[in-house]
Amino acid sequence: MNEVMLNKYEGSSTKINFHGIPYISFPALERLFWIRHGFSTRLGGVSSKHLASLNLAFHRGDLEQNVHQNFERIADAIGFEVKNLVLSHQTHTTNIRQVTKEDCGKGIFKERDFENIDGLITNEKNVVLATSYADCVPLYLADRKNHAIGLSHSGWRGTVGKIGQKTIQKMKEAYGTEPEDLIVCIGPSICQDCYEISEDVAEEFKASFPNDVDAILRDKGNGKYHLNLWKCNELIFLEAGVLPENIHVTDLCTCCNPEVLFSHRALHGMRGTLMAFLEII
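Starting afresh in each chain, residues are numbered from 1 along the sequence in its written order. Restriction of local features to residues with pLDDT of at least 70 applies here, the model being predicted, together with a cutoff of 80 or more for giving and counting side-chain atom pairs; totals for whole chains, interfaces and linings are based on all residues. The basis for every side-chain value is the complete set of heavy atoms in the structure, and neither hydrogens nor water enter the calculation.

Peer 1: Would you take a moment to explain the pairing of strand β10 (residues 182-186) for this structure?
Peer 2: The two faces of the sheet receive side chains in turn, since in a regular strand these alternate between them. When accessible area is computed with a 1.4 Å probe and restricted to protein chains, residues below 20% of their type maximum are described as buried, those above 50% as exposed, and intermediate ones as partly exposed. A run of DSSP states H or I qualifies as a helix once it reaches four residues; a run of E qualifies as a strand once it reaches two. Both are numbered from the N-terminal end. When you tally the buried positions in β10, you get 5 out of 5 residues, the bulk of the element. Residues L182, V184 and I186 of β10 are buried on one face, and the alternating residues I183 and C185, pointing to the opposite face, are buried as well. Strand direction decides the pairing type here: strand β8 (residues 137-143) and β10, joined by 5 bridges, are antiparallel. Considered in β10, the bridge of Y140 is made with C185. Only when DSSP finds a minimum of two bridges between them are two strands counted as paired.

Peer 1: Would you take a moment to explain helix α8 (residues 229-240) for this structure?
Peer 2: Helical geometry: 3.6 residues make up each α-helical turn, so side chains three or four residues apart lie on a common side. Expected helix span is taken as 1.5 Å per residue step, with the number of steps being one fewer than the number of residues. For α8, built from 12 residues, the straight-helix expectation of 16 Å at 1.5 Å per residue is met to within 8% by its first-to-last C-alpha distance of 16 Å. Those residues of α8 that fall on the buried side of the exposure criterion are L229, W230, C232, N233, L235, I236, F237 and A240. In the stretch just after α8, G241 is the one whose phi turns positive, near 110 degrees.

Peer 1: Please clarify how the pattern of salt bridges should be interpreted in this entry.
Peer 2: Salt bridges are defined as contacts in which a side-chain nitrogen from Lys or Arg sits within 4 Å of a carboxyl oxygen from Asp or Glu. Considering all chains together, one arrives at 12 salt bridges under this definition. E30 is the partner of K15 in a salt bridge, and the nearest nitrogen-oxygen pair spans 3.1 Å. Placement of K15 in strand β1 (residues 15-19) and of E30 in helix α2 (residues 27-30) is noted, with a sequence separation of 15 residues between them. Each of R97, D103, K106 and D113 takes part in one network of salt bridges that share partners.

Peer 1: How do you make sense of the sheet that holds strand β2 (residues 21-25) when you look at a structure like this?
Peer 2: Hydrogen bonds along the backbone pair up the strands of a sheet, which may run parallel or antiparallel. Across the sheet, which stays open at both edges, the 6 strands sit in the order β1-β2-β3-β15-β7-β4 with mixed pairing between neighbours. A single partner strand is all that each edge strand has here, and the edge strands are β1 and β4 (85-87). Across the sheet, the axes of successive neighbouring strands diverge by a mean angle of 30 degrees, strand direction being ignored. Summarising the sheet, strand β7 (residues 128-133) and strand β15 (residues 274-280) pair through 5 bridges and their orientation is antiparallel. Its bridge partner being in β15, S132 is matched across the sheet by M275. Packed onto the sheet, helix α3 (residues 64-78) meets β1, β2, β3 (35-40), β4 and β15 and runs at close to 60 degrees relative to β2. Under this scheme, a helix contributes an axis fitted over its contacting stretch, all axes are lines through C-alpha atoms, and angles between N-to-C directions fall in the 0 to 180 degree range. Two residues form a contact once any of their heavy atoms are found within 4.5 Å.

Peer 1: Hey, could you run me through the nonpolar core in this one?
Peer 2: The nonpolar side chains of a soluble globular protein tend to be buried, and buried together. Here, the term nonpolar core denotes a set of buried Ala, Val, Leu, Ile, Met, Phe, Trp, Tyr and Cys residues that are joined through side-chain atoms within 4.5 Å. If you look at the biggest cluster of nonpolar residues, it comprises 39 residues, and the most contacted ones within it are F205, L227 and F237. At the level of secondary structure, the elements contributing two or more residues to this core comprise β8, α4 (156-160), α5 (163-175), β10, α6 (199-208), β13 (224-227), α8 and β14 (247-249). Looking at which element gives the most residues to this core, the answer is α8, with 7 residues. Ignoring sequence-local partners within four residues, the contact set of F205 consists of W156, T159, V160, I216, L217, L227, L229 and C232.

Peer 1: Can you help me understand the layout of surface pockets in this one?
Peer 2: One water molecule sets the probe size; rolling that probe over the atoms shows where empty space is left. Of the volumes computed, that of the largest pocket is approximately 810 Å³. Together, 38 residues line the largest pocket, and Q90, H92, S132, H153 and R271 are the ones closest to its centre. The set of elements that each furnish at least two residues to the lining of the largest pocket consists of β7, α4 and β11 (196-198). Counting residues per element, the lining of the largest pocket draws most heavily on β11, at 3 residues. Here the term cavity refers to a set of points on a 1 Å grid, laid over the protein atoms alone, in which a 1.4 Å probe fits but cannot get out; the term pocket refers to an open set having protein on both sides within 12 Å along at least five of seven lines, with lining residues being those that place an atom within 4 Å of a point. Grid points are joined across faces, edges and corners, and a volume is the space filled by probe spheres set on the points.

Following this line, the structure appears as structure tokens:
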């Protein structure tokens, strides 16, 4: 897919970059000279069939050498070193792990010594935080005062558990982060029109967001609801004290654009994996 075809997927808070292969970025983070970041598309890799072509997961049935080559391609495009990656171990928790240079390579070149981690934070240079997606919400956090970063995976369980707020709290404990010093970005993921949930899940959100039910849920009248994960995470950041002007929300839906982005729902589970990357340089 060429640049002209990709332009129609460019959101108001995101843009498409072409450095060998396409990837998505936030101008708000690009303005921070000490940050490198990006979000992969499914384009420009070497994987085949339903994993075509930039699959970034070893557990989807791909050849290991294909996944490694795909990592090399996205790393070259964004500008980071593959050896500096630290991959999360996502199980839809709200657990956050502080990582350092000693963690580089875990999840790709060496075994992780941690599990059940859906968020990563660091204040060290050249440690590339990496989290995986195929509809869930990537949350990027950058502390401008203390030069610390966080990257968290927020599916419905992480969102109802307010992993965004918990990431901020972990950064405060580790680095002295204050919410007013943060730039946060809510990345490409499933939109409300595409995200239907059952009544039991809706009840959890009603309990977690009692004052904002109408803003986050659309009742279909048949025991099903449409959930706005983008709005939920925006509300979580606002409640945590992040300034409204420092919250940047995508309008790029994975499920609406399965030819560009892997989507578990749109592709009925026959898909590869996208990744978010965030690094201090």
